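Summary of structural features
Listed below, chain by chain, are the residues.
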Amino acid sequence: MLRIHFAPEDFARVRVLSQPDPLWETVLSIFRLQDRSLPLVFHEWRRAATLACSRDDLAVLGALVPGGYFPDFLTPSEGGLGLDAGLDALLSTPRSRLREELAILAARHRLPGWTARLADGDRETLQRLADAIRRHFHAAIEPFWPQAQAHIDADRARRARAFLDGGVDGLLSSYLPLMQWSPPVLTVAVLRDQDVHLDGRGLLLVPSYISMNTPDVLLDSTLPQVLVYPVEHSLAVSAMVLPPRMSLAPLIGDTRTAVLESIGQGSTTTELARRVGVSASSISQHTTVLRTAGLIQTGRVGKAVLHTLTPLGTALLEPGLAG
């Protein structure tokens, strides 16, 4: 069990990342490709990724991500700023960290000979690793980036609503059952037993499309603290196709068009009923149809039901597509 202890100043330094972290998604994808019991929502992703990925790159990354622990230097906090910034940070990892973290991995798994050069900070070997990460990201992650971003947008809308209703307490409480918030300690169900004291550093919450079941954290508690957690998946969002140029109202009707246009960055059933001017029960019927068509995603925030647009729903509303 992981217990994250908040100091008073940490409450002002809690953030939720606005997009998937490229390095975390890349590393976690290695776990997913090795998992033969993936739920249905991952099947299309794994089929496409298996066909697109390089065996050489998988061999390099698989040696460092064999299951269970993987070195923290593979997922630097700078990854949240983009792929290039994350890889620059990886290439700048101090030799002492490379040696220490690879020694931890070597104690659990047999490593290939080239990792000794990596532990010594050999520039060519580090670049080989960075290149493998970049190519694997482009092959396995980038093609699904719009779907991933849609799921993260929906999750952030829920978290924003929870924050607006209850502040940081409401935000952290919204992560049940993934985590348990009992101020000032956030408890996360992970395999190892660890206490982390933030001591004013704050916490970056990183929503992940590829993550599954339980949150992930860095082993080294002295590093900037991130908590990577899985977002809820929707088959409708994961199987989107961009529509041809068309007029929207004749396609789905005036009321459903109004519902779609009123959702914005996320709206509850009650809010939509007020904006569109129909009953809440009517909104529920329309949102069911829109959700089945893959145009919206729906999730709960406390007692409220929050609706957000998928990329397909957004595309239908774009000028030239919906007009």
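Scroll up to find the structure this text is about.
What comes next concerns the included structure. The numbering scheme is per chain: residues are counted from 1 as the chain's sequence reads. This being a predicted model, a pLDDT of at least 70 is required before a residue's local features are given, and a value of 80 or more before pairs of side-chain atoms are given or counted; all residues contribute to the totals for chains, interfaces and linings. Just so you know, side-chain values use all the structure's heavy atoms and leave hydrogens and water out.

The next subject is the layout of surface pockets. A cavity here means a set of points on a 1 Å grid, drawn over the protein atoms and nothing else, where a 1.4 Å probe fits but cannot get out; a pocket is an open set with protein on both sides within 12 Å along at least five of seven lines, and a residue lines either one if it has an atom within 4 Å of a point. Grid points are joined across faces, edges and corners, and a volume is the space filled by probe spheres set on the points. Estimates place the volume of the largest pocket at around 660 Å³. In terms of lining residues, the largest pocket is bounded by 22 residues, among which Gly68, Tyr69, Leu191, Arg192 and Asp216 are the most central. Where the lining of the largest pocket is concerned, the elements lending two or more residues are helix H1 (22-34) and strand E7 (216-217). Secondary structure counts use DSSP, requiring at least four H or I residues in a row for a helix and at least two E residues in a row for a strand, with both numbered from the N terminus. Broken down by element, the lining of the largest pocket gets its largest block of residues, 4 residues, from H1. We call Asp, Glu, Lys and Arg charged. Ala, Val, Leu, Ile, Met, Phe, Trp, Tyr, Cys and Pro are nonpolar, and the rest, Gly among them, are polar. For the lining of the largest pocket, the class distribution of residues is 13 nonpolar, 4 polar and 5 charged. Looking at the second largest pocket, it is lined by 24 residues, and the ones nearest its centre are Asp153, Arg156, Ala157, Gln265 and Thr308. Residue assignment for the lining of the second largest pocket shows that the elements contributing at least two residues are strand E2 (14-16), helix H8 (145-173), strand E11 (304-309) and helix H14 (311-317). If you tally residues by element for the lining of the second largest pocket, the top one is H8, at 13 residues.

Residue burial is assigned from relative accessible area. The probe radius is 1.4 Å, only protein chains are included, and a residue is buried under 20% of its type maximum, exposed over 50%, and partly exposed in between. Side-chain alternation along strand E3 (residues 179-182) places Met179 and Trp181 on a buried face and Gln180 and Ser182 on a face that remains uncovered. Pairing between strands requires that DSSP locate at least two bridges from one strand to the other. Counting the residues between successive antiparallel strands, the hairpin from E3 to strand E4 (residues 185-188) contains 2 residues.

This part is about the packing of helix H11 (residues 254-263) against helix H13 (residues 280-292). Think of each axis as a best-fit line through the C-alpha atoms, taken over the contacting stretch in the case of a helix, with angles from 0 to 180 degrees between the N-to-C directions. Packing of H11 against H13 leaves a shortest axis separation of 10 Å and a crossing angle of 80°. Overall, the two elements H11 and H13 adopt an arrangement that is roughly perpendicular. For the pair formed by H11 and H13, the contact residues are Thr255, Arg256, Val259 and Leu260 on the first element and Ile283, His286, Thr287, Val289 and Leu290 on the second. By residue class, the composition of the contact of H11 with H13 is 5 nonpolar, 3 polar and 1 charged. Any angle from 65 to 115 degrees is called roughly perpendicular, while one under 35 is roughly parallel, one over 145 is roughly antiparallel, and all others are oblique. Residue contacts are defined here by distance: any two heavy atoms, one from each residue, within 4.5 Å place the two residues in contact.

All right, on to helix H2 (residues 43-52) then. Within H2, burial applies to Trp45, Arg46 and Ala49. Down the axis of H2, the sector holding all buried residues measures 95°, keeping them to one side. Residues of H2 that are buried sit in contact with H1 and helix H7 (123-141). The arc under discussion is defined with respect to the helix axis, by the directions toward the C-beta atoms.

Further remarks concern the sheet that holds strand E10 (residues 296-301). Within a sheet, each strand pairs with its neighbour through backbone hydrogen bonds, oriented either parallel or antiparallel. With antiparallel pairing, 3 strands are arranged side by side in an open sheet as E9-E11-E10. The open sheet has two free edges, formed respectively by strand E9 (267-268) and E10, since each of these has just one partner strand. Across 6 bridges, E10 lies against E11 in antiparallel orientation. What sits directly across from arginine 300, in E11, is valine 305. Together, E9, E10 and E11 form the strand contacts of H8, whose direction differs from that of E10 by roughly 30°. Most of the contacts of H11 go to E11, to which it runs at about 95°, and overall it touches E9, E10 and E11.

A few words on the side chain of histidine 136. Here histidine 136 lies in helix H7. In contact with histidine 136, not counting residues within four places along its chain, are Thr26, Ser29, Ile30, Leu33, Cys53, Asp57, Leu58, Leu61 and Ile141.

Moving on: empty space enclosed by the protein. According to the stated counting rule, one finds 3 cavities of 30 Å³ or more in the structure shown. The computed volume of the largest cavity comes to approximately 80 Å³. Contributing to the lining of the largest cavity are His151, Ala154, Asp155, Arg158, Glu232, Gln297, Thr298, Gly299, Leu306 and Thr308. Every element with two or more residues in the lining of the largest cavity is listed here: H8, E10 and E11.

What follows concerns the packing of aromatic side chains. For Phe, Tyr and Trp, where Trp contributes only its six-membered ring, two rings pair if their centres lie within 6.5 Å, and the inter-plane angle classes them as stacked under 30 degrees, edge-to-face over 60, or tilted in between. Counted under the stated rule, the structure contains 7 aromatic pairs. Where phenylalanine 6 meets phenylalanine 11, the ring centres are 5.6 Å apart and the plane angle is 35°; that geometry is what we call tilted. Classification of phenylalanine 11 as partly exposed rests on a relative accessible area of 27%. Arranged with centres 5.1 Å apart and planes meeting at 75°, the rings of phenylalanine 6 and tryptophan 181 form a pair that is edge-to-face. With phenylalanine 6 in the loop between strand E1 (2-5) and E2 and tryptophan 181 in strand E3, this residue pair connects regions lying 175 residues apart in the sequence. The residues phenylalanine 6 and tryptophan 181 share a single accessibility class, namely buried. Ring pairing ties together the aromatic residues Phe6, Phe11 and Trp181, which thus form one cluster. We count a charge as sitting over a ring when the NZ of a lysine or the CZ of an arginine lies within 6 Å of the ring centre and within 35 degrees of the ring normal. The ring of tyrosine 175 has arginine 159 lying over it, and the distance from NZ or CZ to the ring centre is 4.1 Å.

What follows concerns the pattern of salt bridges. Basic side-chain nitrogens of Lys or Arg form a salt bridge, by our definition, when they fall within 4 Å of a carboxyl oxygen of Asp or Glu. With the rule as written, the count across this model stands at 10 salt bridges. Taking the shortest distance from any N to any O, the salt bridge between arginine 134 and aspartate 84 comes out at 3.0 Å. With arginine 134 in helix H7 and aspartate 84 in helix H4 (residues 83-91), this residue pair connects regions lying 50 residues apart in the sequence. Take arginine 134: its relative accessible area is 30%, and that puts it in the partly exposed class.

So, about the side chain of histidine 286. By secondary structure assignment, the location of histidine 286 is in helix H13. Given a relative accessible area of 15%, histidine 286 falls into the buried group. With sequence-adjacent residues up to four places away left out, histidine 286 is seen in contact with Thr255, Arg256 and Val259.

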